[in-house]
Amino acid sequence: LLVTLGFGAVVAALTSRFPLLVALSEYHGWMFGVSAAILGMTARLLWGRQSQCPVEPVLAARCQRARRWNRRIFWSAAVVWLVGFSAAYLLLPLRNLLGI
């Protein structure tokens, strides 16, 4: 994604500074699978069963605020995962299909 946006030097600097990124890229299928499973488990925890917030007003307000933040963070992570998945698996076949 960074190379596509014209930040090739950033990618070169990152891979030279953190050589583990190159090793991790060999297992990107496993990484996407495990991260998708983690996102799925998180979604189940957020929406699967409705946990009750406390009755006390102060604690109930904090509970509701925490739920809102948990959902925001979940959706942010899901969008980042989807962008990464699209860049890793969907863009090249789509480009070949369209003949671009």
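Bear in mind the structure is a predicted one, so any value in this text is a computation, not a measurement.

### Focus on the packing of helix 3 (residues 28–47) against helix 4 (residues 57–98)
Part 1 of the reasoning: At a minimum axis distance of 11 Å, the contact between helix 3 and helix 4 shows a crossing angle of 155°. For the element pair helix 3 / helix 4, the angle class is roughly antiparallel. Considering only the axes of helix 3 and helix 4, their crossing is left-handed. Counting all contacts with helix 3, which are made through His28, Gly29, Phe32, Ser35, Ala36, Leu39, Thr42, Ala43, Leu46 and Trp47, the residues of helix 4 involved are Asn70, Arg71, Phe74, Trp75, Ala77, Ala78, Trp81, Gly84, Phe85, Ala88 and Tyr89.

### Comments concerning the packing of aromatic side chains
For any pair of aromatic rings, geometry is given as the distance between the ring centres together with the angle between the planes.
Part 1 of the reasoning: By the definition in use, this model includes eight aromatic pairs.
Part 2 of the reasoning: Between the aromatic rings of Phe74 and Trp75, the centroid separation amounts to 5.2 Å while the plane-to-plane angle is 75°, which identifies the pairing as edge-to-face.
Part 3 of the reasoning: Classification of Phe74 by relative accessible area gives buried; the value is 9%.
Part 4 of the reasoning: When its relative accessible area of 49% is taken as the criterion, Trp75 is described as partly exposed.
Part 5 of the reasoning: Judged by centre distance (5.0 Å) and plane angle (10°), the rings of Trp81 and Phe85 are stacked.

### Concerning a nonpolar patch on the surface
Part 1 of the reasoning: A cluster of nonpolar side chains, namely Val10, Leu14, Phe18, Leu20, Leu21, Leu24, Tyr27, Trp30, Met31, Val34, Ile38 and Met41, defines an oily patch on the protein surface of about 1200 Å² accessible area.
Part 2 of the reasoning: Going through the elements one at a time, helix 1 (8–17), helix 2 (20–25) and helix 3 are the ones with two or more residues in the nonpolar patch.
Part 3 of the reasoning: With five residues, helix 3 is the largest single contributor of residues to the nonpolar patch.
Part 4 of the reasoning: As for its placement among the helices and strands, Trp30 is situated in helix 3.

Rules of the game
- Residues numbered from 1 in each chain as written.
- Predicted model: local features only at pLDDT ≥ 70, side-chain atom pairs only at ≥ 80, totals over all residues.
- Heavy atoms only, no water.
- Axes fitted to C-alpha atoms, helices over the stretch in contact; angles between N-to-C directions.
- Helix = DSSP H or I, 4+ residues; strand = E, 2+ residues; numbered from the N terminus.
- Parallel < 35°, antiparallel > 145°, perpendicular 65-115°, else oblique.
- Left-handed = near helix turned anticlockwise from the far one by under 90°.
- Contact = heavy atoms within 4.5 Å.
- Phe/Tyr/Trp six-rings, centres within 6.5 Å; stacked < 30°, edge-to-face > 60°.
- Buried < 20%, exposed > 50% of the residue type's maximum accessible area, 1.4 Å probe, protein only.
- Patch = residues over 30% accessible without salt bridge, like charges linked within 9 Å, V, L, I, M, F, W, Y side chains within 5 Å.
- Areas by Shrake-Rupley, 256 points an atom, 1.4 Å probe, with all protein chains shown as cover.
- Salt bridge = Lys/Arg side-chain N within 4 Å of Asp/Glu carboxyl O.

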